[in-house]
Amino acid sequence: MPREPSLAQALVPIGLLMGLLALSVTLFGDESSSGPNQIALILGTAVAGLVGLRNGHRWSDLDASISRGISTSMGAILILLVVGSVIGTWILAGVVPSMIYYGLQILAPSVFYPAACLICAVVAVAIGSSWTTAGTIGIALIGIATAQDLHLGLAAGAIISGAYFGDKMSPLSDTTNLAPAVAGTELFAHIRHMAWTTAPSFAAALLLFALAGLFMPAPAGAGELEALLAALDAQFAIGPHLLVPVAVVLGLVVRRVPAFPALLIGALTGGVFAAAFQQAALLTYVGDSGLPPAAAVVKGVWMALYGGFSLDSGNPALDELLSRGGMGSMLPTVWLIMSAMMFGAVMEATGLLRVVAARILRAVRGPGSLISATLTTSAGMNVLASDQYISIVLPGRMFRDAYRQQGLDPKNLSRSLEDAGTLTSVLVPWNTCGAFMAQTLGVATLTYAPFVLFNLINPFVAAAYGYANVAIARLPAGKGEAP
């Protein structure tokens, strides 16, 4: 019979993992999530396994737990792969370019901060990536803010707030797929439940950005954005009819179609629209293949499905923004998810996670304190582990049973994981997200952190909902256990 682990034993693999992840960020910077963090997770898994073997666990049991842990993430992995195809075909079809084009029209000199936030939100919802949004549109916006001598911390805060709102609410985002997979709920149920805390937080942030704009000088020009708009118009046929694939997916969501088939239909619809409306861009993308035009169109759509889209427009910002997507682009994230699930599975199977969770759960007295404990732990993981994926996976593993015992639907857990795990990552200078944003926007993390209003407000709204018992979903009778 395996022995019960001690708290000290539980902290050994956690401490090692935190140290390795900090070293990974130091050595590899923004590239740490493309391989180095996965190695750190696998080494942490090995140490957790050694502790388990020392306590009497058999390797065959640990091996089976790893297989089970990875299998629980297969739904998210499949969705991530098809999300890559959606991104590729939607860019090729002009769907994402049209969304960006119309989103940029929102910008007006007198409302720079809220407009910048809204623009980044629209783009991030369209492409599902806060990093890409900040690294393209964000660079243009921060350039305008710099030229007009605006407050760069506030400008960066508005950009990041919008980017993270879009990332958090987009079904194309990897973290938005990861959180429900870890918690044990469905993607679109998770997104709908997040709206309760996310919508008022974003509205409050927009209001504060608008008030700030009243006391700050507005930018006098937007030449960089105008150049981006002109490049978009030159490379793609822009039009509102290209938003139909988005409406198709939203219609399927409303009809409760599961995420994987809904997104697959969206990807294929994008391919059809690319063939119908973007033949010039499509044939340029395929290049001189020697194929008949019809065959070249099929090849181009096929390439976008597996390899994403690549643009060479002469506008570096536009090329970086729209050269992405495809199933292949999701493989580093799939690798990271599998590595994190391995670590969580072994920590769980050996009882190490249970020991840590039990110590934290001693302070839990009801739904409010449980949600607060989840928020605090996720934010703490961003500080200690330096990676937002781990801040979702580990607390998700730790608190999953506690939510069931409290009779709470798992979508409460997935929402809390994103309310803190996703959003606080960018506030930590040594976290991969904080390091990326500081380097990309040229504004130090601690300079912009006080002004990332959406990310700061959302966790407190989530905690208040928990204590006030507002928008807390319960399990059906008999599905949970009373504490």
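Preceding block: the structure.
Here is what the cut-offs are and how they apply
- Residues numbered from 1 in each chain as written.
- Predicted model: local features only at pLDDT ≥ 70, side-chain atom pairs only at ≥ 80, totals over all residues.
- Heavy atoms only, no water.
- Core = buried A, V, L, I, M, F, W, Y, C linked by side-chain atoms within 4.5 Å.
- Buried < 20%, exposed > 50% of the residue type's maximum accessible area, 1.4 Å probe, protein only.
- Helix = DSSP H or I, 4+ residues; strand = E, 2+ residues; numbered from the N terminus.
- Contact = heavy atoms within 4.5 Å.
- Expected span 1.5 Å × (residues − 1).
- Phe/Tyr/Trp six-rings, centres within 6.5 Å; stacked < 30°, edge-to-face > 60°.
- Salt bridge = Lys/Arg side-chain N within 4 Å of Asp/Glu carboxyl O.
- 1 Å grid on protein atoms, 1.4 Å probe; cavity = no way out; pocket = protein on both sides within 12 Å on 5 of 7 lines; lining within 4 Å.
- Points joined across faces, edges and corners; volume = space filled by probe spheres on them.
- Nonpolar A, V, L, I, M, F, W, Y, C, P; charged D, E, K, R; others polar.

(A) How the structure looks around the nonpolar core. Counting residues in each nonpolar core, the largest one holds 147 residues, and the members touching the most others are Ile-100, Ile-137, Leu-263, Leu-322 and Val-426. When residues in this core are grouped by element, the largest group, 11 residues, is from helix α4 (residues 74-92). In this structure, Leu-263 is in contact with Ile-79, Val-82, Val-83, Val-86, Pro-171, Leu-172, Leu-187 and Val-249, ignoring residues within four places of it in sequence.

(B) Structural context of the side chain of Arg-397. Looking at the element boundaries, Arg-397 is found in helix α20 (residues 388-405). Residue class for Arg-397 comes out buried when judged on its relative accessible area of 12%. Filtering out sequence-adjacent residues up to four positions away, Arg-397 remains in contact with Gly-69, Thr-72, Val-182, Met-341, Gly-344, Ala-345, Glu-348 and Leu-353.

(C) View of helix α2 (residues 36-54). Helix length check: α2, at 19 residues, gives a terminal C-alpha distance of 27 Å against a target of 27 Å (1.5 Å per residue), a fit within 8%. On its buried face, α2 sits against α1 (7-28), α3 (59-72), α17 (331-349), α18 (352-361), α20 and α22 (432-441). Among the residues trailing α2, Gly-56 stands out with phi positive, at a value near 105°.

(D) Spatial organisation of the packing of aromatic side chains. Inspection of every chain in the model, using the stated rule, returns nine aromatic pairs. On the basis of an interplanar angle of 90° and a centroid distance of 5.8 Å, the ring pair of Phe-202 and Phe-454 is categorised as edge-to-face. Note that Phe-202 is positioned in helix α10 (residues 187-214) and Phe-454 in helix α24 (residues 453-468), a separation of 252 residues in sequence. Residue Phe-202 shares its accessibility class with Phe-454, and that shared class is buried. Summarising the aromatic geometry, the rings of Phe-273 and Phe-277 are spaced 5.3 Å apart at their centres and angled 50° between planes, so their arrangement reads as tilted. Placement of the pair is Phe-273 and Phe-277 together in helix α13 (residues 259-277), with a separation of four residues, close to one helical turn. Taking relative accessible area as the criterion, Phe-273 reaches 14% and is therefore assigned buried. Clustering of aromatic rings is evident, with ring pairs tying together Phe-165, Phe-202 and Phe-454.

(E) Focus on α1. Relative to the 32 Å expected for 22 residues at 1.5 Å per residue, α1 spans 31 Å between its end C-alpha atoms, a close match to the ideal helical length. Here α1 has its buried residues at Gln-9, Ala-10, Pro-13, Ile-14, Leu-17, Met-18, Leu-21, Ser-24 and Val-25. Where α1 ends, the next residue or the one after it, Gly-29, has phi of about 60°, a positive value.

(F) Highlighting the pattern of salt bridges. Tallied over the entire structure, the rule returns three salt bridges. A salt bridge links Glu-348 to Arg-397, with the shortest nitrogen-to-oxygen separation between them at 2.6 Å. In this pair, Glu-348 is assigned in helix α17 and Arg-397 in helix α20, connecting sequence segments 49 residues apart.

(G) Quick look at the layout of surface pockets. Space inside the largest pocket adds up to approximately 890 Å³. Forming the boundary of the largest pocket are 32 residues, of which Ser-129, Trp-131, Thr-132, Asp-174 and Arg-324 lie nearest the centre. Here the lining of the largest pocket takes four residues from helix α7 (residues 130-147), the largest share from any one element. Residues that form the lining of the largest pocket fall into these classes: 10 nonpolar, 15 polar and seven charged. Considered as a void within the structure, the second largest pocket measures approximately 260 Å³ in volume. What lines the second largest pocket is a set of 15 residues, among which Val-125, Met-169, Pro-171, Val-246 and Leu-250 lie closest to the centre. Of all the secondary-structure elements, those providing two or more residues to the lining of the second largest pocket are α6 (112-127), α10 and α12 (244-254). Ranked by residue count, the leading element in the lining of the second largest pocket is α12, at four residues.

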